[in-house]
Amino acid sequence: MGEGSVQQAHVHAPPEGFIRKYVFSLDHKVIGKQYFALALVAVFTGMILSWLMRIHMVWPNTKFPGLELLSKVGAPGGIMTPEYYLSLLTMHGTLMVFFVLTNAPFAAFGNYFLPIQIGAEDMAFPRFNMMSFWTTFLAWFVLMLAFVIPDGPPIAGWTEYAPLSAVGKDAGPGMAWGASLWGLSIAIFCIASLLGALNFIATTLDLRAKGMTLMRMPICTWAWFITSCIALLAFAVLLPACILLILDRHAGTSFFIPGGLVISDRLQPHSGGSPLLWQHLFWFFGHPEVYIAILPSIGIVSHILINSMRKPLLSSKVIIYSMMSIGFLSYMVWGHHMFLSGMNPMSALAFSFPTLTITIPATVMTLIWLGSLYGANIQINSASLFALGFISMFVAGGVSGFFLAQPAIDIYLHATYFVVGHFHMVMGVASLFGVFAATYFWFPKMTGRFMNEGLGKLHFWITFVGTYCIFMPFHYLGLIGNVRRYQSFVDDYMAPYIPLHKFITISALITGAAQLIFLYNLIYSRFKGKLAPDNPWNATSLEWSIPSPPPWNNFGGKHPVVYHDPYQYGVKGSKGDFVMQDSPEQVIVSGD
Amino acid sequence: MGKLFAVALVIIALVSAYPILMNKYPLPEDISTHGHQIDEQLHDTMIEAGIAFVGAQLVLAFFLFSYSGRKPGSRLKSFPGGAKVLVMFAFVIVGLEVLALGVVGQKAWATVYFTPPKADALEIQAQAEQFAFYFRYPGPDGKFGSIHPDKIDEGNQNYFGLDLANDVEARDDIVSGELVVPVNREIHMFLHGKDVGHSFYVRELRIQQDFVPGLDLSVHFTPTKIGRYEIVCTQLCGLGHYNMKAYLNVMSLTDFEKWLKDQSAQ
Amino acid sequence: MISSIASTASVQARSSLGMDRASRSGIWVGIFAITMSFVAFTSALFVRQGTTDWGHLILPSVLYVNTVVLLFSSATFEISRRTLFTGQMIQPGTARRGIGWLMLTLVLGLAFCLGQYLAWQNLRAQGIYLATNPNSSFFYVLTSIHVLHLLAGIVALVRLIGCLIASHATFRRSLFDNTAIYWHFLGVLWVYLLLLCRLKL
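Keep in mind that what you see is a predicted model, and the values were worked out from it rather than measured. Note that residues are indexed from 1 along each chain, following the sequence as it is written. Chains and ligands are labelled sequentially in the order written, the chains with letters from A and the ligands with numbers from 1. For a predicted model such as this one, the threshold for reporting local features is a pLDDT of at least 70, and the threshold for listing and counting side-chain atom pairs is 80 or more; totals across whole chains, interfaces and linings nevertheless cover every residue. Computation of side-chain values: all heavy atoms of the structure, hydrogens and water removed.

Asker: Any chance you could break down the overall build of chain A for me, citing the residues and the numbers?
Answerer: Within chain A one finds 18 helices and four strands. For chain A, the C-alpha radius of gyration of 24 Å lies close to 25 Å, the compact-globule estimate for 592 residues. Principal-axis analysis of the C-alpha atoms places the extent of chain A at approximately 75 × 55 × 50 Å. Burial classes follow relative accessibility: with a 1.4 Å probe on protein chains only, a residue under 20% of its type's maximum area counts as buried, one over 50% as exposed, and anything between as partly exposed. The burial tally for chain A puts 72% of its 592 residues in the buried class. For chain A, the exposed area adds up to about 17,600 Å²; of that, 68% sits on carbon and sulfur atoms. In this tally Asp and Glu are treated as negative and Lys and Arg as positive; neither His nor the chain ends contributes. For this purpose, a charge sits on NZ of Lys, CZ of Arg, CG of Asp or CD of Glu. Mean positive and mean negative side-chain charge positions of chain A (29 and 25 charges, respectively) differ by 7 Å. Here a strand is any run of E in DSSP of at least two residues, a helix any run of H or I of at least four, and the numbering for each starts at the N terminus. Values of the radius of gyration come from C-alpha atoms, whereas the globule rule sets the reference at 2.2 Å times the count of residues to the power 0.38. Note on areas: these come from Shrake-Rupley sampling with a 1.4 Å probe, and a residue is covered only by the protein chains present in the view.

Asker: I'd love a proper account of the interface of chain C and chain A, names of residues and values included.
Answerer: The contact criterion used throughout is that any non-hydrogen atoms of two residues lie within 4.5 Å. With 36 residues of chain C at the contact, the number on the chain A side is 38 residues. When the two sides are added together, the surface that chain C and chain A hide from each other amounts to roughly 3,000 Å², 75% of it contributed by carbon and sulfur. Among the elements of the structure, helix H1 (2-49) and helix H4 (134-166) of chain C are those that each provide at least two residues to the side of chain C that touches chain A. With 26 residues, H1(C) is the largest single contributor of residues to the side of chain C that touches chain A. Classification used: nonpolar for Ala, Val, Leu, Ile, Met, Phe, Trp, Tyr, Cys and Pro, charged for Asp, Glu, Lys and Arg, polar for all others including Gly. Across the side of chain C that touches chain A, the residue classes tally to 18 nonpolar, 12 polar and six charged. The buried area of a pairing is the accessible area, by a 1.4 Å probe, that goes missing from both parts when the two are put together, added over both.

Asker: Before we move on, can you summarise the domain arrangement of chain A with the specific residues and values?
Answerer: For interface size, the figure often reported is the accessible area lost on association. Residues and elements named next belong to chain A. When its domains are assigned, chain A resolves into domain 1 (20-259 + 269-273) and domain 2 (532-592). For domain 1 versus domain 2, the separation of C-alpha centres amounts to 36 Å. The interface of domain 1 with domain 2 comprises 22 residues on the first partner and 20 residues on the second. Each partner contributes to the roughly 1,400 Å² buried at the junction of domain 1 and domain 2, and carbon and sulfur atoms together form 57% of this total. Summed over the three residues of domain 1 that lose the most area to domain 2, namely Ile116, Glu121 and Arg216, the buried surface amounts to 37% of that side. Note on definitions: salt bridges are taken to be side-chain nitrogens of Lys or Arg within 4 Å of carboxyl oxygens of Asp or Glu. For the pair domain 1 and domain 2, the interface holds zero salt bridges. Residue assignment for the side of domain 1 that touches domain 2 shows that the elements contributing at least two residues are helix H3 (28-58), helix H6 (103-117) and helix H9 (219-250). Where each domain starts and ends follows an automatic or database-derived domain assignment.

Asker: Please set out the sheet that holds strand E5 (residues 187-193) of chain B residue by residue, giving values where relevant.
Answerer: All names here are of chain B. Paired strands, in this sense, are two strands between which DSSP finds at least two bridges. The mixed open sheet is built from five strands, whose spatial order is E3-E2-E1-E5-E8. For this open sheet the edge positions go to strand E3 (174-176) and strand E8 (217-221), each flanked by a neighbour on one side alone. Geometrically, the sheet is characterised by an average inter-axis angle of 25° between neighbouring strands, direction not taken into account. In this structure, strand E2 (residues 132-137) lies alongside E3, joined through three bridges in antiparallel fashion. Directly across from arginine 136, in E3, lies its bridge partner valine 175. In this analysis, axes come from line fits to C-alpha atoms, helices being fitted only over the stretch in contact, and the angle between any two N-to-C directions falls in the range 0 to 180 degrees. Across the sheet, helix H5 (residues 253-265) touches strand E1 (122-129), E2 and E3, and the angle it forms with E3 is around 105°.

Asker: Before we move on, could you go through the packing of aromatic side chains and cite the residues and values that matter?
Answerer: Residue and element names in this part refer to chain A. Centre distance within 6.5 Å is the pairing criterion for rings of Phe, Tyr and Trp, where only the six-membered ring of Trp is used; planes under 30 degrees apart are then read as stacked, over 60 as edge-to-face, and the remainder as tilted. A full pass over the atoms with the stated rule returns 82 aromatic pairs over all chains. Measuring from centroid to centroid gives 5.8 Å for phenylalanine 98 and phenylalanine 285, while their planes differ by 5°, and the two rings are stacked. Highlighted residues: phenylalanine 98 in helix H5 (residues 82-100) and phenylalanine 285 in helix H10 (residues 275-309), separated in sequence by 187 residues. When sorted by exposure, phenylalanine 98 lands in the same class as phenylalanine 285, which is buried. A ring pair is formed by phenylalanine 441 and tryptophan 544, whose centres lie 5.2 Å apart and whose planes are at 75°; its orientation type is edge-to-face. Placement of phenylalanine 441 in helix H16 (residues 417-447) and of tryptophan 544 in the loop between helix H18 (498-528) and strand E3 (568-569) is noted, with a sequence separation of 103 residues between them. The pair formed by phenylalanine 441 and tryptophan 544 is uniform in burial state, with each residue classed as buried. Taken together, the ring pairs connect Phe36, Phe109, Tyr112, Phe113, Trp224, Phe441, Trp442, Phe450, Trp537 and Trp544 into an aromatic cluster.

Asker: Which residues make up the arrangement of the chains, and what values do they have?
Answerer: Once contacts are tallied for each of the two pairs of chains in contact, the highest total is for chains A and B. Separated without contact, chain B and chain C have their nearest C-alpha atoms at a distance of 10 Å.

Asker: How would you explain the pattern of salt bridges if you had to name every residue and give the values?
Answerer: As enumerated under the stated definition, the model contains 21 salt bridges over all chains in all. Two residues, B:Glu186 and B:Lys118, come together in a salt bridge whose shortest N-O distance is 3.6 Å. With B:Glu186 in the loop between strand E4 (179-182) and E5 and B:Lys118 in the loop between helix H3 (82-113) and E1, the pair connects residues that are 68 residues apart, well separated along the chain. Connected through salt bridges with shared partners, the residues C:Arg24, C:Glu78, C:Arg81, C:Arg82, C:Arg173 and C:Asp177 form a single ionic network.

Asker: An account of unusual backbone geometry is needed here, citing residue identities and associated values.
Answerer: In this structure, the amide linkage connecting A:Ala162 to the following residue, A:Pro163, adopts the cis form with an omega of -5°. Relative to the helices and strands, A:Pro163 resides in the loop between helix H7 (126-148) and helix H8 (177-206). For the bond from B:Gln130 to B:Phe131, the omega torsion is 0°, close enough to zero to count as cis. Topologically, B:Phe131 is positioned in the loop between E1 and E2. At A:Arg485, a residue that is not glycine, the phi angle is positive and equals roughly 65°. Relative to the elements of secondary structure, A:Arg485 occurs in the loop between helix H17 (453-479) and H18.

This is the structure:
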């Protein structure tokens, strides 16, 4: 016993003062909300960039009022230049992949709910946690600086292939300081993500409450845990890649730049480097990254679906093992981004087979979700609508991957809108649906108030129909050979398809505008929403056993004890149709 | 609202499938000898993907329709066979089919990448640069002159950096902004990247290949139809990427030989 | 009343045990991530090695001295451990000697950093800089990144020493152990990097 152990029971003292409470907070809940806020800013920025791009694409002479203030060189008189289109494209991709899809489903909701769902007071390393958020913020800030420098953001796409990204200003506008800021920003982001992943892993392994075995953790907790394991390896490889890129750009090294290149009439002073090396390093990170983007949403949607269906999934264990196998396989497939890159054609086949194999766990999960819906008692609300919509989007986006996994088909479809349609469907829509579902579901817990249901449903309908209208046509355009990353279509071949592009643009504008409904709902409900009880959804996992919003130490100094798995719904003989995870009430132990 | 969502799902699934079923976005005509393998592969995949997509949306819609808005106290049911049946289905049916596609698909890939070009294939070198393609023919001596990057002079149209003064083999090389080829003859094309990454894509030819600076890459193909087809760059290469294109001009053998003679004369 | 105190105590003990386990997991996870980064650098080296301008770099001999210094610092760290602790508790009698061994470890660590700097100076005197050739590029990159991590270890070591001097009663053994694990890892990593440079550069 003794004096020392009393302090150690609490991870940190209750926060005092504005700065400690809301700015440099050690509380995982505040940090989760900070990540969410950053993701919100990033997603609206990214969305506006996509509007600018889509409008310019179909009406190339559009004068965007005020755009010349953002960049005199990039948009003189408000009319976007071809190079500025590429700058916006690069920033759109970078913001969305890193600052939205890694931040929102993983860092934001994971930080907020993982400790609570395992019965812990906070993350294992609250100071590291605070550092990882503010480091992410610094990365975002450095990236946004690219907008304000005179030369503008880089034009090499979020993938920044060498030599274009490595040679410096000769390569084009934005490739002087813009690309360096990109490299620095992403390197900083890697460090932040590594710190975050470390925290998640240590917390999950060691701070679980009594009775909380690994298999009794909610599916979303598993998803965050598996995602952190993936993130640990992936970002640990991207960081060296960014360092080497920065050295090529500023220190005269030649990791990625071969000799004999003549760019802007100048023979480049490099030799021996390998552009393919950049691609290998980048995609070794890049492919797991897209699973980092989708797995948390898979976990969140499973978690919410179970609650909405009022019955457990046919097997939570199968979902968990599927997520694990996806995580494992994700490290074996990176070359499918490089089928035509000039790497050994034998490798293409070697990468193709594990890629095709990922279809199996993805199908398993989809069938489990669908099969679980059979005989359920589905409750419809904004959260469950987005969770159900996720299944639709996950299938829609997933099947196009089936084509791209085959190298021979990729010969035709590579770098067309088919690819753009595929990754937007899975990442830009499905993953985002998971985030929306999470927000509607957990808002009452985080704030003690409901989000407005009417507005939520309106948001759902416009978004669901709208995203199909935007991204399904991308696949058709891919089939006819519409090349991607073009600022507009100047040739005869594409002329018949401009009306379809206009349809897409208008859908994008409407769907984007509908997101303002979501934003308004968030802000309004935060202050004026209908008050919510501690367990508004009659849910079972530990987060619903504590007040809404939770106290600073989650469980009020108590240490919860857990008696069974987190999905005791439809239990015969229980009060109501559910039993909470920390209730010692006798339950039917499920077969698996 | 669950039932409304179910109906919407069915509509969306059918509306999405309609353009494919009605072939509203057909692949451009195939003008190559190997393209039909790719097209067949794509077609087979489309059928399987289409069934999976529409099937899943319809099942989702059906269950949503049947099991939402139920009376309170309705009995919960479990899917017959439970998780085991579904896992087995995924592994056996989907797994086998997916892997079968992969195995069959190897043939098309092998035709493009594992079969070497014939010995008498016409050799052409393609150079991609910001923001144009240039093509070089070896001329009557059948040999390409060496490339000297320091001698590249766009102003004087010395795109390849040929040393015409000292390099005998370079003197008869023909440089063209168009890829002119005779029909039904195998072409062996060497890809040389001058500055950054580019890519060579002719949709009708079912050929796409990156240019990687520092790597000696090549593709081979046989065009089967006379005509003029777009060559577009598909690897982001800078501000002019959207405008970087050339034309593949497939001619009859007589026309091609005449063209070669005219070019040599210049 | 007594049983509730006892249960609170056991719960608190479990809490701090949880924190100790978590920090142990944390250090290993961190080591794993750092290892993965160096695996990435190693694969970059192997790919780059395949090109025509790969030469040969003669490693400055001071590197071998540095290696001995760093490995020796791991030994002094371990001596410090045995001097400081019996079981989980600090031995009050030998505590000062134990801290002394830790300070020696710190000095050796700093000596290593100085030695690496001398190695770079040696190369620069021969006109071999970061961008001179691919071999030198990798040498400078690998050694710099290792030294950066070692500097972090030095900061951790300074903090450890500070905590030890400040208070014995509230000192957590896990802080010592985790710092030691990290420190030894950097030694092992250095041996690997030295071999890699020797055999490949």
